[in-house]
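This is what each chain is made of:
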Amino acid sequence: QVQLVESGGGLVQAGGSLRLSCAASGRTFGYAMGWFRQAPGKEREFVAAISWSGGNTYYADSVKGRFTISRDNAKNTLYLQMNTLKPEDTAVYYCAARRSTDYSPSGMDYWGRGTLVTVSS
């Protein structure tokens, strides 16, 4: 019943910036949301998450200080601002939602199809 659609991926140069968006349809009221990524040949990993209110944010150490997660609940949209991109950021980025007001590593309940981000050196 919840659908998540990512957009904004593409090819960028190292040091550049990109902003990903995730448009949600269906019920996400009161849900925490987050971003995950999967690089070629690697497991999916946590990138960032945000509570329903936006008051709590969480970041992987690898992106802390470079990426910023935000949301606009009135527009039912999640964002990931990605700055100072590195080649190791290359991955398919997935939007996800959790049936809880705050993020927990116990897992997410809904997933988008992903958007590819490629960072050239």
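The coordinates are above.
Structural notes, computed from the coordinates. All figures in this text were calculated on a predicted structure; none of them were measured in a lab. Going along each chain's sequence as written, the residues are numbered from 1 onward. Local features in a predicted model are, by the rule used here, given only for residues with pLDDT of at least 70; side-chain atom pairs are given and counted only at 80 or more, and totals for whole chains, interfaces and linings are based on all residues. Side-chain figures throughout are based on the complete set of non-hydrogen atoms in the structure, without hydrogens or water.

**A look at the environment of Thr77**
Here's step 1: The residue Thr77 is located in strand 8 (residues 77–82) in this model.
Here's step 2: For the pair formed by Thr77 and Val5, sequence separation is 72 residues and the distance between their alpha carbons is 9.6 Å.
Here's step 3: Working rule for contacts: check all heavy atoms of both residues, and any pair within 4.5 Å makes them a contact. Dropping the residues within four chain positions of it, Thr77 is found in contact with Ser21, Cys22, Arg71 and Asp72.
Here's step 4: By the criterion applied in these results, polar contacts are pairs of N or O atoms within 3.5 Å in which, for protein atoms, one can donate a hydrogen and the other can accept it, and in which residues neighboring in sequence qualify only through two side-chain atoms. Separated by 2.9 Å, the side chain of Thr77 and the backbone oxygen of Lys75 make a polar contact. Where helices and strands are cited, they refer to DSSP runs of H or I of at least four residues and of E of at least two residues respectively, numbered from the N terminus.

**Some details on the sheet that holds strand 3 (residues 18–25)**
Here's step 1: If you trace the four strands from one edge of the open sheet to the other, you get 1-3-8-7, paired in antiparallel fashion. Each edge of the open sheet is held by one strand with a lone partner, namely strand 1 (3–7) and strand 7 (67–72). Taking each pair of neighbouring strands and ignoring which way they run, the sheet shows an average axis angle of 15 degrees. The pairing criterion is simple: DSSP has to find at least two bridges between the two strands. Each axis is a line fitted through C-alpha atoms, taken for helices only over the stretch in contact, and angles between the N-to-C directions span 0 to 180 degrees.

**Some points on the pattern of salt bridges**
Here's step 1: Here a salt bridge means any side-chain nitrogen of Lys or Arg lying within 4 Å of a carboxyl oxygen belonging to Asp or Glu. Tallied over the full model, the rule gives five salt bridges.
Here's step 2: Residues Glu45 and Arg37 are paired through a salt bridge, measuring 2.7 Å at the closest nitrogen-oxygen approach.
Here's step 3: Assessed through its relative accessible area of 5%, Arg37 is described here as buried.
Here's step 4: Residues Asp89 and Arg37 are paired through a salt bridge, measuring 3.0 Å at the closest nitrogen-oxygen approach. With Asp89 in the loop between strand 8 and strand 9 (91–98) and Arg37 in strand 4 (residues 32–38), this pair connects stretches of sequence that are 52 residues apart. For the pair Asp89 and Arg37, one class covers both residues: buried.
Here's step 5: In the salt-bridge network here, residues are joined through shared partners; they are Arg37, Glu45, Arg66 and Asp89. The buried label goes to any residue with under 20% of its type's maximum accessible area, the exposed label to any with over 50%, and the partly exposed label to all in between, with areas taken from a 1.4 Å probe on protein chains only.

**Some remarks on unusual backbone geometry**
Here's step 1: Not every positive phi belongs to a glycine, and Asn76 is a case in point at roughly 55 degrees.
Here's step 2: Relative to the helices and strands, Asn76 is located in the loop between strand 7 and strand 8.
Here's step 3: With phi around 50 degrees, Thr84 is a residue other than glycine that occupies positive phi space.

**Points about the side chain of Arg71**
Here's step 1: Its place among the elements puts Arg71 in strand 7.
Here's step 2: Polar side-chain contacts of Arg71 include one of 2.9 Å to the backbone oxygen of Tyr31.
Here's step 3: Side-chain polar atoms of Arg71 contact the backbone oxygen of Ser51, separated by 3.1 Å.
Here's step 4: Dropping the residues within four chain positions of it, Arg71 is found in contact with Tyr31, Ala32, Met33, Ile50, Ser51, Trp52, Thr77, Leu78 and Tyr79.

**Digging into the nonpolar core**
Here's step 1: Take the buried residues of types Ala, Val, Leu, Ile, Met, Phe, Trp, Tyr and Cys, join any two whose side-chain atoms come within 4.5 Å, and each joined set is a nonpolar core. Of all hydrophobic cores here, the largest spans 28 residues; its most connected members are Leu4, Trp35, Leu80 and Tyr93.
Here's step 2: When residues of this core are traced back to their parent elements, those giving at least two are strand 3, strand 4, strand 5 (45–50), strand 7, strand 8, strand 9 and strand 11 (115–120).
Here's step 3: Setting aside residues no more than four positions away along its own chain, Leu4 makes contact with Cys22, Ala23, Ala24, Met33, Cys95, Ala96, Ala97, Tyr110, Trp111, Gly112 and Arg113.
Here's step 4: The next biggest cluster of nonpolar side chains, apart from the first, holds five residues, and it includes Phe36, Ala49, Ala96 and Met108.

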